[in-house]
Each structure stands twice: as C-alpha cells, then as structure tokens.
Amino acid sequence: MTPMSTSRPTLHTVIGIVLVAIMLFPVYWMVNASLAPAGNALSAQWFPTDPDFSGYSRALADQGQNLITSLVVAVGACLLSVVIAAPCAYALAQLRIRGTGVLVFFVLISQMIPGIVIANALYTVYSPLGLINSIPGLILADASQGIPFAILIMRAYLETFPSSIVEAARVDGCGHVRAFWSIVLPVSKNSLVTAAIFSFLFAWSDFLMALTLTTGETIRPVTLGLYTYIGTNDTDWSAVMSTAVLSSLPAVILMIIAQKYIAAGATGGAVK
Amino acid sequence: MTTTTIDPAPRRSRDSARRRDLLVRVGFILPAVLYMLAFFGFPIVKNIVMSFQAYDFATFFNGSAPFIGLENYAATVTDPIFLRALRNTGLFTVGSIIGQFVLGMGLALYFRKRFPLSGFLRSLLLLPWLLPMIVSAAVWRWILEQDNGVLNRFLEGIGLIAEPIPWLVSSDTALIAVIGVNIWLGIPFNVVLLYSGLQSIPEELYEAGALDGATGWKAFRHITLPLLRPVVSVVLLLGVIYTLKVLDLIIGLTGGGPANATQTLATRSYEMSFVEFDFGQGAALSNILIVIALAFAIVYLRANARAATKG
Amino acid sequence: MTSSSTSPPSPRVSRRALGAAALAAPALMQLSGCGERSSRSGARDIRIVDYYNTPADDVAINGTFETCAAELGLTFSRERVPGDQLVAKVLQMGSSRTMPDLLMLDNPNVQQVAASGALAPLEQYGISTDGLTPAVADLGTYEGTLYGIAPTVNTIALFYDVAALDAAGVEPPRTWDELRAAAAELTTADRYGIAFSAIASYEGTFQFMPFLWSNGGDETDLRGEGVLGASQLWSDLVHEGLASRSVVNWGQGDAIDQFKAGNAAMVVNGPWNIAGLRADTPDLEWGVVTLPVPVAGDESIAPLGGEVWTVPVTGDEEKQAHAAALLKAFVAPEHQLFMGGERSTIPGHAETAARFAAENPDLGTFVEQVATARARTAQLGPDWPTTAKAIYTANQRVLVDGVDPADAFDEAARTVD
C-alpha cells in the first residue's frame, strides 16, 4: 500500500472541486458572458438563465480553420521543442562538456528578451526568405519560447537523474545516444511530458509571432482570428468569449490526456 | 586468440575514440545551440546596439540612427516615472512570486493525494493558461469593476465591505489588484511543474522515512524539499524572469494606469518604444531589466553549482 | 566488446547546421544594412493594409474596393491588422522595405509617417482636397502637402437615454451648467448621470478635446485657462459622483457598454455605435445632441476621428500610380455615401455630407458636429502624440490622485516643452 492513497477520498474530491472552482471562476464568468445576449456581456447575471447562442454560431462559422491552424502549429512547436531541448538538457545535466555553462547562461538570457524584440527581428529575416504566412515558419518561431524553457526545465529534472544507471550501461558498452534513447528518456517521462505541455501552451497562446509573421490572408491561428470580432471602435464580446471557450476545448482535452502520463515515482524502480 | 601488445596504434585509436565521443556529446547540444543562435543571437545584439542609438519613428524608414553613447540610459534613469516603475516592479515581482509559489505548492501537495477525479481536476487547473490574454484581461476587468463587478457585489453581499473597492481605478489598490490577477495566472505554472517534480520523488523514500518516524511536516522538510530543490529553484527563477517581463496582462487590465500606479519597467519600456516612439530608450530600459534578471540568474547558477558539488 | 551505436549524429547535425546558417545569414546581412525586397506580384495587383477587421467593416471597405478595382482593371489583396497593432506593423514594414501599395492610417499618425518620408504626395496623381472642409483636408496634410485622404470621418457627441431624461424631467443639456445639473438629476443609486472615457491612452485625450476646444483652450498652450477649465469640469463630474471613478479605466467601447447596460444616462461617444445600439438594445430609446458648450452661444468644437488612406513610396512608380488611381476612385462621393451609411460615419466631402444628413436623419447631429470639428494634428503635426500623452497623463493625475488641474497641466506642459 502506498502512503499516498487517502482514507476519505470523497471528502478530498469535494475539497478538490471547491478549490478548482474558485480558481476557475473567471473561466466560468467567461462562459457566462459568452451566453449573455449580444452586447450585454457587461451586465451578465450570476447564472445564464436566458442563454443566447448566437456568439457560438458566429464563432463556429468563422473559426474552424483557425482552430486547426492553431492546433497544427502548437503541436508542431511542441514536438520541435522537445526534440531539440531533450538531448541538450541531458547533455547539460549529465554529460560533461566544457564551456556549457555559457550555454545555460545564454538560454537564461534568451528568456528575458521581450517577445516583440524577437518578433521584429524574425520579421526582417522571414520576409526575404519567404517564410511569412507559412506553417513551418510559425512552428519555428513559436518554438522560440518553448525550447529555452524546455531546456531549463528538463535540465533541472535530469540533474537528479540517477547517473549510476547510465554508467552501468556505458560500462556494458552502450553508446551515449543509445543510453539516452533507451534509458534516460523512458525514465524521465515526467519531465518530457511537462516540458511538452508548456511548449504546447506557449505556442497555443502565442499572439505576437502570429501577428508579425502572417498577413491574415492564408493562415490565421485562432489567437489572431479572435480579432475579427474586436474592431477599433466596437467589440462583439459574446463572439470573442465564445471563440475563447471553443478554442479551449481541444486544448483542454490534450492537457487531460497528457497529464495522465505524469505518473508517480517514475524513477522509482529504475535503480533496482 | 587475442593478443594484447602495446604499441602506438592504440593511443591514436584512443585519441580518435575520445574525439568521436566528444563529437557525439556535442551533437546532443548542437541543434539547440544553432537554434538559439539563429533566433536569439541577432535580437540580443540588435537590442544592445539600439540602446546606444537615437532610434525614433523616422529611423524605421530612413535608417538613420546616430550613435549617442549612454544618453539613453541616462535619460531612462532620470525619467520621473523610473523610480516609481522600479518600485512597482519590485512589489509586483515579490508579491506575485510569493503568492504563486505558496499557492502552487499547496495545490501540488494537495493533489498528490489519490482521490477520484484528481487527474481531471489537475488538468482543469491549466485553463487560465489556455485563455487568450485579451480575454482574461477583459473578464478580470469586468470582475474587478468598481460599481457592478462581481467581486465587489460578492464582498458587499457577504458583508465583508461597506463601500465598493475601486480595484483598478485607485492608485492605492490598482497594484494589488494586478498582483492578484498575476498570481491567478501564475498558479497553473507552479502547480504543474511542482507536481511533476513531486511525482519524481520515489515513494520508497517516504516509506523508508515513515519507518524512521518521519511523516507529515518532517517528511516534507527532510525528504521532499531536498529532492525537490532543483525543480523549486528553476521554478522560482523562471517565475521571476517571466514576472519581470509581464506586459500584456498589465496593459490589458490598466494600461499602466491609473496615473502610472501600475507602471513597471516592462510596461515603461513598451510605452517608451511604442507610445513615445523613443526606441533607443525603450531598448535601454529593457536591457536594464535584463541585467536585473541576470542578477537572479547568476544567483541561481551559483547555488545550483554549489548544490551539485555537494550532492 | 564494443557495439557501435546507431547511425552517428554527424550527418543529421550538418544538415541542421546548414539550415540554421541559412537562417542566420540574412540576419547578418540585415546587420550590415542590405535588405531585400521580394515583390513578385504584377503591377496591377495592389496590396492594401488597414485595420478594418470586422465583418461589418468589410462590407463597406471590401465592397467598395471590389467595385473600384473592377472598374480600373486592377486586383487587390487586403491585410487586416488588429487596430492597436497597426503602427507597429507600419514600422516593421517600413524598416524591411515591405510597405504596401495602399496604407490606411489613423489620422493622428499620418503626420509622423509623412514626416519620415514614407508617403508619396497625392497631388501628382490628381487627388486634391476640393470640396473637403478645411479640417478634413488638414487630416492628411503635412507641411502644406497632401499625403492622405479620408473618405469618411467621425467625431463624438452626447448620447442620452430618452426614457431616463423624461422620467427625471430633464432636457438634453446644451451648456456646461445644464450638463452638471442634468447629470446631478440623473444620477441615482444604480445609475450615473454621465459616462465618458478618461483612459490613459489617446482615446482619453480624444474625448477631452471637445471640452478643451469649446472652452477656448489651445493644444499648444497646456497651461491656458481654457484647458484648465475643461479639466475642472471633468474633475467635478467625477468627484461629485456624477460620473463613475472608473472612467479613468474605460475606453470609448466600455463607456458605451455602460450606457447600453443602463449604468449611465448620458455618454460621450461616436456614431459608430448606432448599428450596435439598434442591434443589441433595440428597446433603448436614445437621442444625440452636439456636445454642451461652456456658455450658450459658444461653438461646440469636437475632434475629427477617422482613417486616412495614403500611398506609400515603394519605389515602383507604375504600381504607385495604379494604387493612387484606385484610391481616387475609392474616395469618390458616391462611395463616401455608401461607406458612411454602412459604417455610420460621415462623408468627408462637404456637399456629400449634407446629402448624407438628409438621407440619414439619425446621423444628422454628427454631421452638424463634424462641420465645426477640428483635426488634432492641425497645429502640432508630428508632435501631436507627445502633447496627447501629456494631456491624458494630466487628466489621470487630476481624476485619480485629486491633483489640482493647474498643477497637473503645468507638469504636463513641462514634458512637452
């Protein structure tokens, strides 16, 4: 029996629900506003007694393609981030290479640069290269938030990785890459999934890169598509809120699936 | 039958084996290094160069940006709002980090217990991160509205306050309100990372500790915290860096107002560039911000190195 | 026994290295100052950038462009940018030499962009200010040269809730004293007398200008009595509880939302709301009057809002000429009528505006207000944004921190000098 299971599960579930409900009240309010009669998001009542779905019909009609674009870009950026960051994090944490302190430093500094500076610089490079309005271009750009983050996070987790396992394998003649692929990765699933989740979230909620590197005519992530309802002088709030609700759904489902992989004690039995 | 004779050949093959090994190890970091250089090298350099130039609106069209040395930095530091922005940045960062971390750690520890729906509820906690910032800011502005906002109606309803609190429109409460919203936004980040870190601690350690009589708070202090240290320090460090950079949230909630009550160095830098069109000064201020964040980074790296040699 | 690892990483690495170097090279080129411009589209394909991104706006703008382009045998593509990001986009395009063929700018920004040499003078293409009121002509003029033309303009006036005013037995106010009295009468436990936008952005200044100008104030002298008097009016309205303290955090959109929700009996806002008022709150009977003046008989001077269309200098003379031709057709009076009707804005051409008022009685008050309106950049040109910021900063100090208008605007004047 593990010490983590609890004696009064139902009570804990109830408390858990209450805690999450408090945290998510603004999300509830957003759903409430999306159902308020058009233009009256401001005077929404506590409970949507007279729901108006016109915002949703507008959102569904306009944003379908945008949602798919957002998903493709976010998943692509997430995969790219993990693929590039995982080996790097492992090398920084476990393989001894001289001068990598500089790399860590550089990665840290890169996290401090305002997004608009990066976006502007990328625009000047993407433009002549014809990468404007391209999905691969957006994936590369959106990974710029995920890669440094993933490197730092996974490096932190991998620092406490029991290197004795790898050493044992190396003594048996296993190469670095084999050791990484067959031993380190499976055991550090937690950190991989966590890094992947955040890389996905960074790319999913990105607005600046999408705004700068697309012209809105061919591809439009949903963060940009939202602005169809935000004019300079008036805003269709129920459509905005409806779009936000709809666009959260696929992402929430992905999050729920991903979180199942953050299992307990992943490193537990490995040493044995 | 194998022969083991010592002659020059093995040394050469030892050297080439070592070189090959080094190449393989470098191969692990090479894609990342190239990506970082390509995507961050130029912007970092450009930002530094721009901070020494007189870069204004017209520069974007005619390219003329005369070198003016440290004038931008001097102007930035002597700007009347600078000290206020600096103080606000400090308060904002400290308040946000303490709130996010404590609440995040609390929630992460709570969700370690196994009960029905715990995984599902944990995933829902990520919802604040899935909302576009413009939506979150708009919703919070409605909630915090002085006259009709839900928060004031609730507080008045339960008798906690007599007068509505001017959350976002008074210089006394605006910064507190903004810190509160930022804590809300930062909790999911902390919860997920800390939970993941907690899950990586082998349960056998707790079992063994329980046998020695270390449970509850003692277990937390002697088992959890030490093993969680690398994750905690990276979460705190990244938390500080991201909080220093927070821009969209403040602009969305108050625009830096009212009357500069919520101006931080990040919002000031943005304002100098895109409202006052003095990009040189904006770059200078963002570089100052980077240096401040660097100070934290250096502390982290030193503490990390010391702990690594100890462990 | 050694086991060789799977395929060595080196070939993968060098391919990635080449790819990354290809990315880095243009960045290095950019550092050394040589940019590249890729314009492969034909000379008859016009690239347009604007911020009309809502479907409602599209009907008017896209529709008109389609008609005009068809007549001239041109094709066009439009990039719609979110409103507050347009200037940043313009700067990006400017520095990477990828300016569009037709660029829409919000009128306060025209002077700065013109001053940087990015725009082509329009007179050479046969576009003139004939028939425009002087103020509307001012919108696109920099140092005497015409760089941009606004087909429709707008301004702000005072909306009021007819039922609320009737119930309180109050007439729509025409002077400041009447305004104070009416707001006082109309303020109840769950409603403020008036709402306006005093937000810390150019919108806040936009809302302040009619009070400043009608009071004899001048934007070049922020310490003047006219300016201080206007600020005092705002201060009185807020500190006496006739307008919510939240005005310092409301944009014009928020203010009209308050009006629609019944939280304010009067609101200072523009004609673009009319379609929304009809659609969202059809039961709310509203009226409009021109903004109250300090003393009966004074002129009510409001600021001109609206967007100006310009032809950037792209170096492609033929394309610029085509773009200008398209623009000339776009701003023709009959299109002004169409766009004005669709978007509830006022044609810039004086005669057309009069026709428009006759055909759209709901907008009559706005036509009246536009006739006496002024361009914000008329006197200060490219220096207007600095003054605008000084003005809204001063008002924030007055409304939030209770600073005396004289002190606040003295501080403001010093930042401008």
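Q: Honestly, the pairing of strand S2 (residues 75–80) of chain C in this entry has me stumped. Any pointers?
A: Both faces of the sheet carry side chains from a regular strand, because those side chains alternate between them. Residues and elements named next belong to chain C. Looking at chain direction, strand S1 (residues 45–50) and S2 are connected through six bridges and run parallel. The residue of S2 that forms the bridge with Arg47 is Ser77. Each parallel crossover has a hand, and for S1 linked through helix H2 (residues 55–72) to S2 it is right-handed.

Q: Looking at this model, I keep getting lost on the domain arrangement of chain C. Mind explaining?
A: Note: interface size is frequently given as the accessible area lost on complex formation between the parts. All names here are of chain C. Split by domain assignment, chain C resolves into domain 1 (45–154 + 305–371) and domain 2 (157–303 + 380–416). One C-alpha centre belongs to domain 1, the other to domain 2, and the line joining them spans 28 Å. At the interface, 17 residues of domain 1 touch 18 residues of domain 2. Elements with a minimum of two residues in the side of domain 1 that touches domain 2: helix H4 (107–115) and helix H15 (364–371). By residue class, the composition of the side of domain 1 that touches domain 2 is six nonpolar, eight polar and three charged.

Q: Looking at this structure, I do not really get the sheet that holds strand S9 (residues 192–195) of chain C. What am I missing?
A: Through backbone hydrogen bonds, the strands of a sheet pair up, either in parallel or in antiparallel fashion. Residue and element names in this part refer to chain C. If you trace the four strands from one edge of the open sheet to the other, you get S9-S10-S8-S11, paired in mixed fashion. With one partner strand each, in any of the chains shown, S9 and strand S11 (286–289) form the two edges of the open sheet. Averaged over all pairs of adjacent strands, the angle between strand axes in this sheet comes to 20°, irrespective of strand direction.

Q: It is not clear to me how helix H16 (residues 384–401) of chain C should be interpreted in this structure. Could you clarify?
A: In an α-helix there are 3.6 residues to a turn, and that puts residues three or four apart on one side. Residues and elements named next belong to chain C. Along its 18 residues, H16 runs 25 Å from first to last C-alpha, staying within 8% of the 26 Å computed at 1.5 Å per residue. Counting buried positions along H16 gives 16 out of 18 residues, so the element sits mostly inside the fold. Where H16 ends, the next residue or the one after it, Gly402, has phi of about 70°, a positive value.

Q: What is the right way to look at the confidence of the model for chain A in this model?
A: Interpretation of this model should avoid reading the predicted coordinates in detail wherever pLDDT is low. All names here are of chain A. Summing up the model confidence of chain A, the mean pLDDT is 85 and the portion of residues at 70 or higher is 92%. Within chain A, the element-level pLDDT minimum falls on helix H7 (residues 163–171), averaging 83, and the maximum on helix H10 (residues 208–213), averaging 93. Scored below 50 in pLDDT, residues 265–272 shows 20 contacts in the model against residues more than four places distant or in partner chains.

Q: Looking at this model, I keep getting lost on the interface of chain B and chain A. Mind explaining?
A: Across the contact, 74 residues belong to chain B and 81 residues belong to chain A. Where the side of chain B that touches chain A is concerned, the elements lending two or more residues are helix H1 (8–50), helix H5 (118–124), helix H6 (127–130), helix H7 (133–143), helix H9 (174–199), helix H10 (203–211), helix H11 (216–245) and helix H14 (279–310) of chain B. No other element matches H1(B), which puts 17 residues into the side of chain B that touches chain A. Considered class by class, the residues forming the side of chain B that touches chain A number 54 nonpolar, ten polar and ten charged.

Q: Would you explain the sheet that holds strand S6 (residues 148–149) of chain C in this entry?
A: Strand order in the open sheet made by the five strands is S2-S1-S3-S12-S6 (chain C), with mixed pairing throughout. Edge positions in the sheet fall to S2 and S6 of chain C, since each of these pairs with one other strand and no more.

Q: I tried to follow the nonpolar core on my own but got confused; where do I start?
A: Nonpolar side chains in soluble globular proteins tend to be buried together. Ranked by internal contacts, the top residues of the largest apolar core, which has 316 residues, are Ala85(A), Ile194(C), Val267(C) and Leu327(C). Each of two domains, domain 1 (45–154 + 305–371) and domain 2 (157–303 + 380–416) of chain C, supplies a minimum of three residues to this core.

Q: What exactly am I supposed to notice about the packing of H2(C) against helix H13 (residues 333–343) of chain C here?
A: In a packed pair of helices, the relevant descriptors are the angle between the two axes and the axis-to-axis distance. Residue and element names in this part refer to chain C. For the pair H2 and H13, interaxial distance at closest approach is 8 Å and the crossing angle is 165°. In terms of orientation, H2 lies roughly antiparallel with respect to H13. You can see that H2 and H13 cross each other, and the crossing is right-handed. Residues Asp57, Val59, Ala60 and Thr64 of H2 form the contact with H13, whose participating residues are His335, Phe338, Met339, Glu342 and Arg343.

What counts, and where the lines are drawn
Residues numbered from 1 in each chain as written. Chains lettered and ligands numbered in written order. Predicted model: local features only at pLDDT ≥ 70, side-chain atom pairs only at ≥ 80, totals over all residues. Pairing = 2+ DSSP bridges. Helix = DSSP H or I, 4+ residues; strand = E, 2+ residues; numbered from the N terminus. Right-handed = clockwise from strand over helix to strand, strands pointing away. Domains from an automatic or database assignment. Contact = placed C-beta atoms within 7 Å. Nonpolar A, V, L, I, M, F, W, Y, C, P; charged D, E, K, R; others polar. Axes fitted to C-alpha atoms, helices over the stretch in contact; angles between N-to-C directions. Expected span 1.5 Å × (residues − 1). Buried ≥ 20, exposed ≤ 12 C-beta atoms within 10 Å, placed from the backbone. pLDDT = per-residue confidence, 0-100. Core = buried A, V, L, I, M, F, W, Y, C linked by C-beta atoms within 7 Å. Parallel < 35°, antiparallel > 145°, perpendicular 65-115°, else oblique. Left-handed = near helix turned anticlockwise from the far one by under 90°.

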